Amino acid sequence: MTATAWTNVSPRDAEKYEEKEFGFWLYLMSDAIIFSLLFATYLIMVGNAAGGPTGKELFSLERAAGETALLLFSSTTFGLAAVALSSAERSKVLLWLAITFALGAGFIFLEIGEFRGMIAEGAGPDRSGFLSSFFTLVGTHGLHVSVGLLWIAVMIGQVLFKGLTAPVASRLMRLGLFWHFLDIIWVVIFSVVYLPGLL
Amino acid sequence: MIDGPVLDPKGPIALAERDLLFKAIAIMMIVIIPVFIMAALFMWRYRGTNRGARYTPNLAYYWPVEILVWGVPAAIIIWLGIHLWHNTYKLDPYNTLDPSVKSLQVEVIAQDWKWLFVYPEQDIAVVNELVFPAGQPLSLKITSDTVMNSLVIPALGGQIYAMAGMQTRLNLLANEPGKFWGRNVQYSGAGFANQQFRAVATTKEEFDAWVEKAKQSSGTLDASTYEKLSKPSQKVPVTHYSGVEPNLFDSIIAKYIHGDVDRMPSAAHAETAAEPAE
Amino acid sequence: MDIIFGRLTIDSLPFYSLIAASGAGVTVLGALSVVAVITYFGAWRLVLFDWISSIDHKKIGIMYIMVALVMLMRGFIDAAMMRSQQAIAFNSDGYLPPSHFDQIFTSHGTIMIFFMAMPFLSGLINLIMPQQIGSRDVAFPFMNAISLWLTTAGAGLVLVSLVIGKFSTAGWTGYPPYSGSEFTPGVGVDYWLWAVLISGIGSTMTGINFLVTIIKCRAPGMTMFRLPLFTWTVFVTAILMVFAFPSLTVACGMLVLDRTVGMHFFTNGMGGNMMNYINLFWLWGHPEVYILILPAFGVFSEVVAVFSQKRLFGYISLVLATMAIGFLSFTVWLHHFFTMGSSARVNSFFGTMTTIIAVPTGVKVFDWLFTMYRGRIIFKPPMLFTLGFLVTFTIGGLSGVLLAMPPVDYLMHNTTFLVAHFHNVIIPGVLFGYIAGYMFWFPKAFGFKLNEKWGTWSFWCWIIGFYLAFMPLYVLGFLGMPRRMEHYDIAAWQPHLIVAAIGAFIIFLGIVCMAVQLVVSIRDRNEALDLTGDPWNGRSLEWATSSPTAAYNFAVLPQVQSIDAWWDMKQRGVAYKRPDAYEDITLPKNTFISAVIGGAGFVFGFAMIWYIWWLAILCLAVIAGAVIVRASDDDSDYVIPASEVKAIEDARFAQLAKAPKNEMADDPGFAGQPVAEGSA
């Protein structure tokens, strides 16, 4: 019977990890407010195309669907990594983390492609208020995902070199919260930005 | 020049605003005066060296006091709230004053660092001088061709921002003829301190004569003159123009909108004088 | 644009005007003298290894307060320059051209709010709150240090703007489109934006830290309704910080994007919407003023009870009022722009909500007055500042209720009446509160008391100076004078401005008294030692620790049984009881990583301002690297063995044996030992 990360944790350390998780939730709430305000700004400015291109002309349902699929699957694979963590299966944790990373990287790759394409056809963030708010909302989410990718890479390193210790497990749980949170934000982006823009 | 515009208003709007100010101060005294009296009294009577005063170190709660300190301010706030609500509707800058009388329409364009007043019905324009007949409602439509400004004529009351691509309104009235000053009060750059204009309420005859004289001016405010005028300048002397580029005001707003859906405050306002049904 | 230096050139140095050069000279001289003093005392090891690398909340608190006091002087110099300019500039240009005056009023507001008041309150809270709840530290000591250094980085950017480049002229509120690149190109607004953004991230983290600390780190028996009022106000303040600062980040972030990348969030035309900035800014801005004042209200609650020698009156009311103020603070932001053209329905809603906030605030004032009722008041400087606050803040509250009524605001908005109102609540409210807290808790931090004579003189200068400096501004508002004017041509205004300048001078004397007080107190510290840790016969747990507090705060965590936990322990006779046994205590190790992150933040801000992109990317990499290094460190604590704890505590008990049990006993107003009394 393998010891999980949570055996042999002192009460004081357990308290510490609980505090870290709670603090991380508070950070996510402040981030949620940032995104809410970006959404509100987007909704105020969606009509401000300044005579330039609108969402209808720019958004591609296929790419948005692809990005959504990649991100949603990556949340699933991260969940599988978390399951592997709770049964202390180190190689499985590494595998699922790596797949999550790949899916997330795919998402970023598609998004960068989308942004480059739009800029190339003169629909960059400096074209109009609508485009400024679009690029900032979607771009901020993309920036968060990129930081998440870096974090996944660091955690892969930590699992490789330290194993599934209690601090490593605590960090993985917080990374999970972060990753799933970003997934939820993306679902809202898809619903508020891409779908109405295309319908 | 009037030097006490708020305390000595020259129009009904300013007068109503001042009266609300005084009324509110009077109502608040119900709370303020007891605070001063108690502070002074307690500081003196309960100073530590005064062994004559009663000392109850554990007196930490007394429900009549709680009811008083929550209840009385709450009641005052409700009373003030009624005045607030009523007067905010009554003194909305967008309210047309006295719909039975035709108001004088003036279009105002804020520039760096001066004010341009266009009289569309008289087809004249003036820089840094607003002349209007006393006793007739003055209806201002306001925009900016530069940064955010704020128009106020303290003796007549009211204040509203001027913003590019948007139109705001301010309705004022002067009871009697007189000379006032108005200015921008939203910091707008190096020339801000000089961004003042003359506001003159005249008799009907004087106003008509002034319009006639303005119509004799050699300059007209066509597109290229406007272009030159809108460049940054300070302490621009009063200049009259006979003849204004048609739809100048609307075109300045349109310049910033590019045909986008109107999302501006004018849409949120009903341009009527009636108070909404309460 | 240069690849290596961005838009930084030799012309960025302030040799274009005497005033700019003087400001730069003073700043550079100030920095050099700090370095010189540390070198002279051979204190580099101490400064680096005991302070800069410390993540102890008490040291962080003291460093925050040092930043606040330095920036108070810088911000005050701005005020003195404005007052003197306005006193002479009737039909004259005075000595400050608009380009300078406008930078000065901008930096005055920015410094006082972001780099004086915020660090002051963060400092006092850091120093005291963990001790009040019976904890050994805040929940996240490392993040606490990052917050300190990011705040310092922001302050550093504002100071550097005096030497390299210029500062913003757009006011502390930075309204676009004036603050956009079309109307104000150049580095000024960018200095302002990055200083605010970087320190704002620090404040958000601070809010998270304090919130988790209060919720999770209380001593056994310390239920929420046994918390001291100061901690309650910190609790609500922390909630406000976490929920309000994101809005500032979004507003300023969007303005940065407009200016740096050419986006159109707030531009004239091209789809920009300047009103959105104003909403986003004030959505933060109004909770911010409550963030500033609630901890000061907390200080007053502590001080008024201790120096009336009586229990705080109306504890539950005060807690409910604090919560109400916190909640309501998110419902009033539009009152900062009633004149932007919103409808009567919108204006009257926000006006009404604003007047409603007056109710819980009034409740607090009455509860403090009733704490004094039938007490025995001792007029030491913290109490003087509290009494000055009670009377003077009330006037500011009155002018606030007046401005809350939209029709009155239409007359008064952007006049000196508004300036008088907010100074009337900030100076007696926020500043007097933190000065009182500084004088109240100084012995806890350093082990000796501040000189009371100089403290009293400082108070009288502050309050007399305040009335002289700001009451004329109310009158000027009635005379129609707008704010932010560097010259004027209405003769009736000048006499009031002269009086205001005299008031500013008297406030200057008050600041001088505070400086002298500090010097004299350090010189005479051995005559004013606080040997018991409880120099004022206090009521809350921070007075249970030694002065200065040991690194671990409490050798044995206290068992709390009542409100006013320390007073209760004194009454039950268990106050200075020697514990039966000591245990090992684990504390976080010092680390330089937090200061490195702060320093990289400072350089990052500088690089973004001057468009030195390679440097900005490098700084981001350093920050990322530092975070990763820290996040991979599973051995960041050290242990104080029980024997060492015992040795420290034994020394303390030896000192206690030599000390008078109640240091207040010499005061003529002293009411006697805490004795168990029947209910009252």
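Calculation notes
The residue numbers shown here count from 1 along each chain, following its written sequence. Chains carry letters and ligands carry numbers; both start at the beginning, A for chains and 1 for ligands, and go up in the order they are written. Only residues with pLDDT of at least 70 get local features here, since the model is predicted, and only at 80 or more are side-chain atom pairs given and counted; chain-wide, interface and lining totals rely on the full set of residues. Side-chain metrics in this entry use all non-hydrogen atoms of the structure; hydrogen atoms and water are not considered. To qualify as a helix, a DSSP run of H or I must reach at least 4 residues; to qualify as a strand, a run of E must reach at least 2; elements of each kind are numbered from the N terminus. C-alpha atoms define the radius of gyration in this analysis, and the globule rule sets the expected value at 2.2 Å times the number of residues to the power 0.38. Here the term buried applies to any residue with accessible area under 20% of the maximum for its type, exposed to any over 50%, and partly exposed to those in between, with areas from a 1.4 Å probe on protein chains only. Two residues qualify as a contact provided that any one of their heavy atoms is within 4.5 Å of a heavy atom in the partner residue. Computed by Shrake-Rupley with a 1.4 Å probe, the accessible areas treat only the displayed protein chains as cover when residues are assessed. Two strands are counted as paired when DSSP detects at least two bridges linking them. Helix axes are fitted to C-alpha atoms over the stretch in contact, other axes to C-alpha atoms as well, and angles between N-to-C directions run from 0 to 180 degrees. Candidates for patches are residues over 30% relative accessible area with no salt bridge; among them, like charges are joined within 9 Å and nonpolar side chains (Val, Leu, Ile, Met, Phe, Trp, Tyr) within 5 Å. What makes a salt bridge here is a side-chain nitrogen of Lys or Arg within 4 Å of a carboxyl oxygen of Asp or Glu, nothing more. A 3.5 Å cut-off defines polar contacts: any pair of N or O atoms within that distance qualifies, except that in protein one atom must be a possible hydrogen donor and the other a possible acceptor, and neighbouring residues in sequence count only when both atoms are side-chain atoms. As a working rule, the residues Ala, Val, Leu, Ile, Met, Phe, Trp, Tyr, Cys and Pro are called nonpolar, Asp, Glu, Lys and Arg charged, and the rest polar, with Gly in that last group. A helix is expected to reach a length of 1.5 Å times the quantity of its residues less one. Values of pLDDT, ranging from 0 to 100, describe the predictor's confidence in every residue of the model.

Caption draft 1: Here's a closer look at the overall build of chain B. Counting secondary structure elements, chain B contains six helices and 11 strands. For a compact globule of 278 residues, the expected C-alpha radius of gyration is about 19 Å, and chain B comes in at 25 Å, more than 25% above that figure. For chain B, the spread of C-alpha atoms along the three principal axes comes to 85 × 45 × 40 Å. Across the 278 residues in chain B, those meeting the buried criterion constitute 57%. The long-range share in chain B, meaning contacts at least 24 apart out of those at least 6 apart in sequence, stands at 70%. Only carbon and sulfur atoms are counted for the fraction: they give 61% of the accessible area of chain B, which is about 11500 Å².

Caption draft 2: Just the overall build of chain C, in detail. Across its full length, chain C holds 19 helices and two strands. Along the first, second and third principal axes, the C-alpha atoms of chain C reach 75 × 55 × 45 Å. A burial count over chain C gives 67% of its 680 residues as buried. For chain C, restricting intrachain contacts to residue pairs at least 6 apart in sequence, the fraction spanning at least 24 positions comes to 83%. As displayed, chain C has an accessible area near 21800 Å², and 70% of this comes from carbon and sulfur atoms.

Caption draft 3: Main features of the sheet that holds strand β6 (residues 149-153) of chain B. All names here are of chain B. Reading across from one edge, β4-β10-β9-β6-β7 is the order of the five strands in this open sheet, with mixed pairing throughout. The open sheet terminates on both sides in strands that have one partner only, identified here as β4 (129-133) and β7 (157-162). Between one strand axis and the next, the sheet turns by 20° as a mean value, whatever way the strands run. Bridge count between strand β9 (residues 178-184) and strand β10 (residues 196-202): six bridges; the pairing is antiparallel. Within β10, the position partnered with G182 by the bridge is F197. Together, β4 and β10 form the strand contacts of helix α3 (residues 204-215), whose direction differs from that of β4 by roughly 135°.

Caption draft 4: Seen up close, a nonpolar patch on the surface. Residues and elements named next belong to chain C. Together, I3, I4, F5, V35, W44, L48, F49, F592, V596, W614, L618 and V622 make up an exposed nonpolar region whose accessible area comes to about 1100 Å². Those elements giving two or more residues to the nonpolar patch turn out to be α2 (44-52) and α18 (613-631). Take W44: it is sitting in helix α2.

Caption draft 5: Molecular detail of the interface of chain C and chain B. The partner chain B presents 90 residues to the 99 residues of chain C that form the contact. Counting every contact that joins chain C to chain B gives zero salt bridges. Our count for the contact surface shared by chain C and chain B stands at 23 residue pairs in polar contact (both at pLDDT 80 or more). Mapped by element, the contributors of at least two residues to the side of chain C that touches chain B are α4 (98-132), α8 (274-307), α9 (315-328), α10 (344-372), α11 (381-403), α12 (406-412) and α14 (452-478) of chain C. Here the side of chain C that touches chain B takes 19 residues from α10 of chain C, the largest share from any one element. For the side of chain C that touches chain B, a count of residues per class yields 58 nonpolar, 28 polar and 13 charged.

Caption draft 6: View of helix α5 (residues 129-162) of chain A. All names here are of chain A. End to end, α5 covers 48 Å across 34 residues, agreeing with the expected 50 Å (1.5 Å per residue, within 8%). Taken across its 34 residues, α5 has 24 buried, putting it largely inside the fold. Where α5 terminates, the next one or two residues include G163, which has phi positive at roughly 85°.

Caption draft 7: Region of interest: the pattern of salt bridges. For the coordinates displayed, the defined rule picks out 25 salt bridges over all chains. Measuring nitrogen to oxygen at the nearest pair gives 3.1 Å for the salt bridge that ties K162 of chain A to D634 of chain C. Taken as a pair, K162 of chain A in helix α5 and D634 of chain C in the loop between α18 and β2 (637-640) lie in two separate chains rather than in one. The class of D634 of chain C is partly exposed, set by a relative accessible area of 38%.

Caption draft 8: Seen up close, the environment of P641 of chain C. Residue placement: P641 of chain C occurs in the loop between β2 and α19 (642-658). Taking the C-alpha atoms as reference points, P641 of chain C and F508 of chain C, separated by 133 residues in sequence, lie 49 Å from one another.

Caption draft 9: Highlighting α10 of chain C. Residue and element names in this part refer to chain C. Compared with the 42 Å implied by 1.5 Å per residue over 29 residues, the 43 Å span of α10 between its first and last C-alpha is a close match. Taken across its 29 residues, α10 has 24 buried, putting it largely inside the fold. The first or second residue beyond α10 is R374, which carries a positive phi of 55°.

Caption draft 10: Highlighting unusual backbone geometry. All names here are of chain C. Here P176 and P177 are connected by a cis peptide whose omega angle stands at -5°. Following S547, the chain continues to P548 via a peptide bond in cis, the omega torsion being -5°. Along the chain, P548 falls in the loop between α15 (494-523) and α16 (565-572). Even without glycine at this site, Q309 takes up a positive phi of about 50°. Positionally, Q309 belongs in the loop between α8 and α9. With a phi close to 60°, Y611 is a non-glycine residue in the positive phi region. Inspection of the secondary structure puts Y611 in the loop between α17 (593-609) and α18.

Caption draft 11: Representation of the confidence of the model for chain B within the structure. Mean pLDDT over chain B: 90, with 92% of residues reaching 70 or higher. Predicted confidence is poor over residues 263-278 of chain B, with pLDDT under 50, and the contacts of this stretch with residues over four places away or in other chains come to 35 contacts.

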